[in-house]
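Each chain, written out:
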Amino acid sequence: MNATFKKVSSSYISISQLMLPSHTNFSGKIHGGFILSLLDQIAFACASKFSGNYCVTASVDTVNFLSPIEVGELVTMKASVNYVGKSSMIIGIRVEAENIQTGVVKHCNSSYFTMVSKDKDGKNAAVPGLILTNLKEVGRFQNCLKQIALKKEREYQRSIATFGSIESILSLNQYNVKVELS
């Protein structure tokens, strides 16, 4: 067991960036891929700051796009470590966009990334334990425990999944699919 512990607050990272026309998709909104790239960067920074090591993305567990982001808005991402394992951390990220002319702020995205701490040889490195100092942090930690349990259940179900013939599946008439095998 790791004897080092750190407060969640020691992991806090916040970045802000003005959204430019070059960041848009074909509908004129900020491209989700651009936001994902920023999310990965802040997850890396947050995990590396907390662990003191180089960190890699193990999985993008949840990305909920809640509201489109417009050109000219100031996007702020706030990240913190919500859970730690032996060498892994779940980073929670909140994305807000501010209309800099009106001051209106909207919650645009919530994301969870699993990051793994690496030593100089590229092997998994232990991370500090987590000190939870308020009920919000405790709630975030508990939500991560639920996410981990659901992820394990999905993996288990995938490992035992058996399906009948494609004909029996399609005979249910509940899928919008047509099979034309050659």
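Residues numbered from 1 in each chain as written. Predicted model: local features only at pLDDT ≥ 70, side-chain atom pairs only at ≥ 80, totals over all residues. Heavy atoms only, no water.

Peer 1: How should I be thinking about the nonpolar core in this particular structure?
Peer 2: Soluble, globular proteins show a tendency: their nonpolar side chains are buried together. Grouped together as the largest cluster of nonpolar side chains are 29 residues, with contacts concentrated most on Ile69, Met77, Val81, Met89, Ile91, Ile93 and Val95. Of all the secondary-structure elements, those providing two or more residues to this core are helix H1 (32–51), strand S4 (73–84), strand S5 (88–99) and strand S6 (105–118). Among the elements that take part in this core, H1 stands out by supplying eight residues, more than any other. Filtering out sequence-adjacent residues up to four positions away, Val81 remains in contact with Val8, Ser11, Cys46, Phe50, Met89, Ile90, Ile91 and Leu130. (Core = buried A, V, L, I, M, F, W, Y, C linked by side-chain atoms within 4.5 Å. Buried < 20%, exposed > 50% of the residue type's maximum accessible area, 1.4 Å probe, protein only. Helix = DSSP H or I, 4+ residues; strand = E, 2+ residues; numbered from the N terminus. Contact = heavy atoms within 4.5 Å.)

Peer 1: Just to check I follow, could you spell out the pattern of salt bridges for this structure?
Peer 2: Once their charged atoms are close, side chains differing in charge can pair, the charge on each being opposite to the other. Applying the stated rule across the entire model yields five salt bridges. Lys106 is the salt-bridge partner of Glu73, the closest N and O atoms lying 3.4 Å from each other. Of this pair, Glu73 sits in strand S4 while Lys106 sits in strand S6, and the two are 33 residues apart along the sequence. Between Lys78 and Glu96 there is a salt bridge, and its shortest N-O distance comes to 3.6 Å. Highlighted residues: Lys78 in strand S4 and Glu96 in strand S5, separated in sequence by 18 residues. Judged by relative accessible area, Lys78 falls into the partly exposed class, the value being 42%. Where salt bridges share partners, they join Lys78, Arg94 and Glu96 into one cluster. (Salt bridge = Lys/Arg side-chain N within 4 Å of Asp/Glu carboxyl O.)

Peer 1: I'm lost on the environment of Asn143 in this one. Help?
Peer 2: Assignment of secondary structure puts Asn143 in helix H2 (residues 135–160). In this structure, the C-alpha to C-alpha distance between Asn143 and Tyr83, residues 60 residues apart in sequence, is 9.2 Å.

Peer 1: Just to check I follow, could you spell out H2 for this structure?
Peer 2: A turn of α-helix holds 3.6 residues, and therefore any two residues three or four places apart point the same way. Between its first and last C-alpha, H2 extends 38 Å over 26 residues, near the 38 Å set by a 1.5 Å rise per residue. Looking at where H2 begins, the residue whose side-chain oxygen comes 3.1 Å from the main-chain nitrogen of Lys136 is Asn134. (Expected span 1.5 Å × (residues − 1). Polar contact = N/O pair within 3.5 Å; in protein donor to acceptor, adjacent residues only side chain to side chain.)

Peer 1: How do you make sense of the side chain of Ser110 when you look at a structure like this?
Peer 2: Topologically, Ser110 is positioned in strand S6. Separated by 2.9 Å, the side chains of Ser110 and His107 make a polar contact. Those residues in contact with Ser110, other than ones at most four positions away along the chain, are Thr62, Val63, Asn64, Leu66 and Ile93.

Peer 1: I'm lost on the sheet that holds S6 in this one. Help?
Peer 2: Note on sheets: strands pair through backbone hydrogen bonds, and any given pair is parallel or antiparallel. Sheet architecture is open: five strands sit in the order S2-S4-S5-S6-S3, paired in antiparallel fashion. Each end of this open sheet is capped by a strand with a single partner; those strands are strand S2 (13–18) and strand S3 (54–65). Strand-to-strand twist across the sheet, computed as the mean angle between neighbouring axes with direction ignored, equals 25 degrees. With six bridges connecting them, S2 and S4 associate as antiparallel partners. Across the sheet, the residue bridging to Ser16 is Thr76, located in S4. This element, H2, spans S3, S4, S5 and S6 of the sheet and lies at about 75 degrees to S4. (Pairing = 2+ DSSP bridges. Axes fitted to C-alpha atoms, helices over the stretch in contact; angles between N-to-C directions.)

Peer 1: So what exactly am I meant to see when it comes to the packing of aromatic side chains here?
Peer 2: Aromatic ring pairs are described here by two measures, namely the spacing of the ring centres and the angle between the planes. Applying the stated criterion to the full structure yields two aromatic pairs. The ring of Phe50 has Lys6 lying over it, and the distance from NZ or CZ to the ring centre is 5.6 Å. (Phe/Tyr/Trp six-rings, centres within 6.5 Å; stacked < 30°, edge-to-face > 60°. Lys NZ or Arg CZ within 6 Å of the ring centre and 35° of its normal.)

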